[in-house]
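Report on the structure
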Amino acid sequence: HLITAPFNGSVTEANIDEGELVRVGQSLGEFLSTGRYEVALGVSYEDLDYVQPGKDFELEDVNTGHLYPAEVVRINDKVDPETQQVQVYAEIRDRRARAGVFVRGKIPAGSFQNAIRIPSEALVAETKIFVVQDSTARLVDVETPYIGAETAIIQGIEGQTEIVVDEHNESLAGTKVTVVNPREE
């Protein structure tokens, strides 16, 4: 029999010789499509709402620094119970790419208008934060388009507002506070 691959490429591994008996399920070898590779990327399932098939981004070869254009082609439905990540598959179409190299990249998730990133521990009931007004902690409502394990993105805060960041901040309403070690970002 003559077996042809539905792509151009090369044989990278041959497990049988010509004339040898082939059994059902036996691996014949490995065929590699050159210039077109698929990469499995681990993405936190919390961030999956921001990753869609068709999204273009770049992957960087960790050894050479070369950038390869990539596209998200599919997303697995299963969450890995050990890592709490979902496999996202991206395709690289570049003749300079090689199989087996390590790559890294960031899939752009979009942008939020008039938003800031804060530690998640600053949130109260996921939609409120304490701000400092006239040296007093005041609870205010905010919009939270993203809440992650360590950071959250909030909208609805005006100007130079000082935010109380404390994991036990539920009992601060009306309490006099002093700003200590303000962060610049």
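What comes next is a walk through the structure.

What counts and how
Residues numbered from 1 in each chain as written. Predicted model: local features only at pLDDT ≥ 70, side-chain atom pairs only at ≥ 80, totals over all residues. Heavy atoms only, no water. Helix = DSSP H or I, 4+ residues; strand = E, 2+ residues; numbered from the N terminus. Contact = heavy atoms within 4.5 Å. Pairing = 2+ DSSP bridges. Salt bridge = Lys/Arg side-chain N within 4 Å of Asp/Glu carboxyl O. Patch = residues over 30% accessible without salt bridge, like charges linked within 9 Å, V, L, I, M, F, W, Y side chains within 5 Å. Areas by Shrake-Rupley, 256 points an atom, 1.4 Å probe, with all protein chains shown as cover. Buried < 20%, exposed > 50% of the residue type's maximum accessible area, 1.4 Å probe, protein only. Axes fitted to C-alpha atoms, helices over the stretch in contact; angles between N-to-C directions. Polar contact = N/O pair within 3.5 Å; in protein donor to acceptor, adjacent residues only side chain to side chain. Core = buried A, V, L, I, M, F, W, Y, C linked by side-chain atoms within 4.5 Å. Phe/Tyr/Trp six-rings, centres within 6.5 Å; stacked < 30°, edge-to-face > 60°.

1. Some remarks on the side chain of S120
When you line up the elements, S120 lands in the loop between β8 (115-119) and β9 (123-124). For S120, the residues in contact, after removing those within four places along its chain, are I147, G148, A149, E150, T151 and A152.

2. Quick look at the sheet that holds β9
A sheet is described by the order of its strands in space; here three strands give the open sequence β9-β10-β11, paired in antiparallel fashion. Only two strands of the sheet have a single neighbouring strand rather than two, namely β9 and β11 (136-141). With two bridges joining them, β9 and strand β10 (residues 128-133) adopt antiparallel strand pairing. Residue pairing for β10: V124 is matched across the bridge by K128.

3. Here's the deal with the pattern of salt bridges
Overall, the coordinates contain six salt bridges when judged by the stated rule. A salt bridge links R104 to E60; its shortest N-O distance comes to 3.3 Å. In this pair, R104 is assigned in strand β7 (residues 103-105) and E60 in strand β4 (residues 56-61), connecting sequence segments 44 residues apart. With a closest N to O distance of 2.6 Å, D141 and K128 form a salt bridge. You can see D141 sitting in strand β11 and its partner K128 sitting in strand β10, a full 13 residues away along the chain. Among the charged side chains, a network of salt bridges with common partners joins R36, E91 and R93.

4. Details of a nonpolar patch on the surface
On the surface, a cluster of nonpolar side chains totalling about 240 Å² of accessible area is made up of I3, V22 and L28. Following the sequence through the fold, V22 ends up in the loop between β1 (9-14) and β2 (29-33). A relative accessible area of 41% means that V22 is categorised as partly exposed.

5. Details of the sheet that holds strand β3 (residues 36-44)
Here five strands make up an open sheet; going across it, the order is β3-β6-β5-β4-β7 and the pairing antiparallel. Each edge of the open sheet carries a strand with a single partner, namely β3 and β7. Across the sheet, the mean angle separating the axes of adjacent strands is 45 degrees when strand polarity is ignored.

6. Overview of the side chain of D94
For D94, the location among the structural elements is in the loop between β6 (85-93) and β7. A polar atom in the side chain of D94 sits 2.9 Å from the backbone nitrogen of R96. Apart from residues no more than four positions distant in its own chain, D94 is found in contact with G35, Y37, H66, L67, Y68 and P69.

7. Here's the deal with the nonpolar core
Counting 17 residues, the largest nonpolar core has L41, F57, L59, V88, I92 and I107 as its most contacted members. Secondary-structure elements contributing two or more residues to this core are β3, β4, β5 (67-79) and β6. Beyond its immediate chain neighbours, meaning those up to four positions away, L41 contacts F57, L59, V86, Q87, V88, A90 and I107.

8. With respect to the pairing of β4
Where burial is concerned, the two faces of β4 differ: the one with F57, L59 and D61 is buried and the one with D56, E58 and E60 is not. Sheet analysis places β4 next to β5, joined by five bridges and oriented antiparallel. If you follow E58 over to β5, its bridge partner there is P69. As consecutive antiparallel partners, β4 and β5 are separated by five residues, and within that stretch G65 has a phi angle of approximately 80 degrees, a positive value. Strand direction decides the pairing type here: β4 and β7, joined by three bridges, are antiparallel. Among the inter-strand pairings, L59 is bridged to a residue of β7, identified as G105.

9. Concerning the packing of aromatic side chains
Under the counting rule described, the total for this entry stands at two aromatic pairs. Ring geometry for Y50 against F112: centres 6.2 Å apart, planes inclined by 80 degrees, an arrangement best described as edge-to-face. Of this pair, Y50 sits in the loop between β3 and β4 while F112 sits in the loop between β7 and β8, placing them 62 residues apart in sequence. Owing to a relative accessible area of 30%, F112 belongs among the partly exposed residues under this scheme. Summarising the aromatic geometry, the rings of Y50 and Y146 are spaced 5.6 Å apart at their centres and angled 65 degrees between planes, so their arrangement reads as edge-to-face.

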